[in-house]
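Next come the chains, spelled out residue by residue.
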Amino acid sequence: MICGDNVYLRAPEPDDVDAMFRWENDRDIWSSAGVRAPMSRHLIWKYVNDYTADLYADSQARFIICRIADNMPVGAVDLYDADMINRRCGVGIVVDKAHRGLGYAAEALRLLGDYAWRDLGLHQLWAIVDAANMSSRTLFSDAGYSVGGRLRSWIRVGESYSDAYIYQRLLCNG
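This report concerns the structure included in the present document. (Residues numbered from 1 in each chain as written. Predicted model: local features only at pLDDT ≥ 70, side-chain atom pairs only at ≥ 80, totals over all residues. Heavy atoms only, no water.)

### Let's talk about the overall build of the protein
Rule in force here: Secondary structure follows DSSP: runs of H or I at least 4 residues long count as helices, runs of E at least 2 residues long count as strands, and numbering of each begins at the N terminus. We compute the radius of gyration from the C-alpha atoms alone; for a globule the expected value is 2.2 Å times N to the 0.38, where N is the number of residues. Whether a residue is buried, partly exposed or exposed follows from its accessible area with a 1.4 Å probe, protein chains only, as a fraction of its type maximum: under 20%, in between, or over 50%, in that order. It only takes one pair of heavy atoms within 4.5 Å for two residues to be counted as in contact. In short, Shrake-Rupley with a 1.4 Å probe defines the accessible areas, and a residue's cover is counted only from the protein chains shown. Here the positive residues are Lys and Arg and the negative ones are Asp and Glu; neither His nor the chain ends is included. A charge is said to be at NZ when it belongs to Lys, at CZ for Arg, at CG for Asp and at CD for Glu.
Along the backbone of the protein there are six helices and eight strands. Reading the protein from its N end, one meets helices and strands in the order β-β-α-α-α-α-β-β-β-α-β-α-β-β. Compactness check: the protein gives a C-alpha radius of gyration of 16 Å against a globular reference of 16 Å for 174 residues, within 12% of the reference. Oriented by its inertia axes, the alpha-carbon framework of the protein measures out at about 40 × 40 × 35 Å. Looking at the 174 residues of the protein, the share that counts as buried comes to 43%. Long-range contacts, defined here as pairs at least 24 residues apart, represent 59% of the contacts in the protein between residues at least 6 apart. With an accessible surface of roughly 9,700 Å², the protein has 49% of that area assigned to carbon and sulfur atoms. Distance between charge centroids for the protein: 5 Å, based on 19 positive and 23 negative side chains.

### A few points about the packing of helix H1 (residues 17–24) against helix H3 (residues 41–50)
Defined as follows: Here an axis means a line fitted to C-alpha atoms, over the contact stretch when the element is a helix, while the angle between two N-to-C directions is reported on a 0 to 180 degree scale. The labels follow the angle: roughly parallel below 35 degrees, roughly antiparallel above 145, roughly perpendicular from 65 to 115, and oblique for the rest. Left-handed describes a crossing whose near helix is turned anticlockwise from the far helix through less than a right angle; right-handed describes the clockwise counterpart. Note that Gly is not counted as nonpolar here; it falls among the polar residues with everything else outside the nonpolar set of Ala, Val, Leu, Ile, Met, Phe, Trp, Tyr, Cys and Pro and the charged set of Asp, Glu, Lys and Arg.
Running from N to C, H1 and H3 point in directions that differ by 125 degrees, and their axes come no closer than 9 Å. When the interaxial angle is binned, H1 and H3 end up oblique. For the pair H1 and H3, the sense of crossing is right-handed. Mapping the contact onto sequence places Val17, Asp18, Met20, Phe21 and Glu24 in H1 and Arg41, Ile44, Trp45, Tyr47 and Val48 in H3. Here the residues of the contact of H1 with H3 sort into seven nonpolar, no polar and three charged.

### What to know about the environment of Gly90
Following the sequence through the fold, Gly90 ends up in strand S5 (residues 88–95). On a C-alpha basis, the gap between Gly90 and Gln124 in space is 8.8 Å, while along the polypeptide they are 34 residues apart. Once residues within four sequence positions are removed from consideration, Gly90 is found in contact with Asp78, Leu79, Tyr80, Asp81 and Trp126.

### Looking at the pairing of strand S3 (residues 61–67)
Definition in use: What makes two strands pair is DSSP finding at least two bridges between them.
For S3, the buried fraction is high: seven of the seven residues fall into the buried class. Bridge count between strand S2 (residues 7–10) and S3: four bridges; the pairing is antiparallel. Bridging across to S3, Tyr8 finds its partner in Cys66. Between S3 and the antiparallel strand that follows it, strand S4 (residues 73–83), lie five residues; Asn71 among them carries a positive phi value of about 60 degrees.

### Side note on the side chain of Ser162
Rules: Identification of polar contacts relies on pairs of N or O atoms within 3.5 Å, with a donor-acceptor requirement for protein atoms, meaning one able to donate a hydrogen and the other able to accept it, and with residues adjacent in sequence counted only if both atoms are side-chain atoms.
Relative to the assigned elements, Ser162 resides in strand S8 (residues 160–170). A distance of 2.7 Å separates polar atoms of two side chains, one belonging to Ser162 and the other to Asp130. Leaving out residues up to four positions away in the same chain, Ser162 has contacts with Asp130, Ala131, Ala132, Ser153, Trp154, Ile155 and Val157.

### Observations regarding unusual backbone geometry
What you tend to see is this: most non-glycine residues have negative phi, and most peptide bonds are trans. Phi at Asp81 takes a positive value of approximately 50 degrees, unusual for a residue other than glycine. Tracing the chain through its elements places Asp81 in strand S4. The partly exposed category is assigned to Asp81, whose relative accessible area is 49%. Phi angles above zero are rare outside glycine, and Arg87 is one such case at about 55 degrees. In this structure, Arg87 sits in the loop between S4 and S5.

### Concerning the side chain of Glu107
Locating Glu107 in the fold gives a position in helix H5 (residues 104–118). In this structure the side chain of Glu107 is engaged in a polar contact, spanning 2.5 Å, whose partner is the backbone nitrogen of Asp5.

### Considerations on the pattern of salt bridges
Between side chains of opposite charge, a pair can form when the charged atoms approach closely. The test is simple: Criterion for a salt bridge: a side-chain nitrogen of Lys or Arg within 4 Å of a carboxyl oxygen of Asp or Glu.
Applying the stated rule across the entire model yields 10 salt bridges. Across the pair Arg10 and Asp16 runs a salt bridge whose closest N-O atoms are separated by 2.7 Å. Salt-bridge contacts for Arg152 lead to Asp163; the nearest nitrogen and oxygen are separated by 3.3 Å. Placement of Arg152 in strand S7 (residues 146–157) and of Asp163 in strand S8 is noted, with a sequence separation of 11 residues between them. A relative accessible area of 57% means that Arg152 is categorised as exposed. Overlapping salt bridges, with partners in common, bring together Glu107, Arg110 and Asp114 in one network.

What is shown is where atoms sit, not what they do.
Structure follows, in structure tokens:
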């Protein structure tokens, strides 16, 4: 486990399948996550059951964000598109609607950054954030990420397109 003051990060467990099913099928976040279709409970169960936690082999890793007070899963944070040659990874995060605005996402991003630097030797984390998603833009800015550029017409929303920003956090100097 990767422990903070209010939350900790851990690998997905079979008991998380229902929560993950809810998060993965939340249409409000599909465009941000690049998702276009519902995900079955069976596929999520299979993902959890087959999970290896090997970023080097799978180019991705998922962590469940749990509240320390009662061990309740409140969200998930992912490393994806791992580029181990250039030592960088994409970051995705979701917090259950009932637990947003309580600082869990900010603490999870801080813990993930510390883990990525200390344990994985990564140099950089990055995230693509819809320009219209002010809460996510604030979250990443407050977590030490800076805007590296604007991506024009990057995210399809219905019949139109939205710009996105690439946020980057350098984990070390150089």
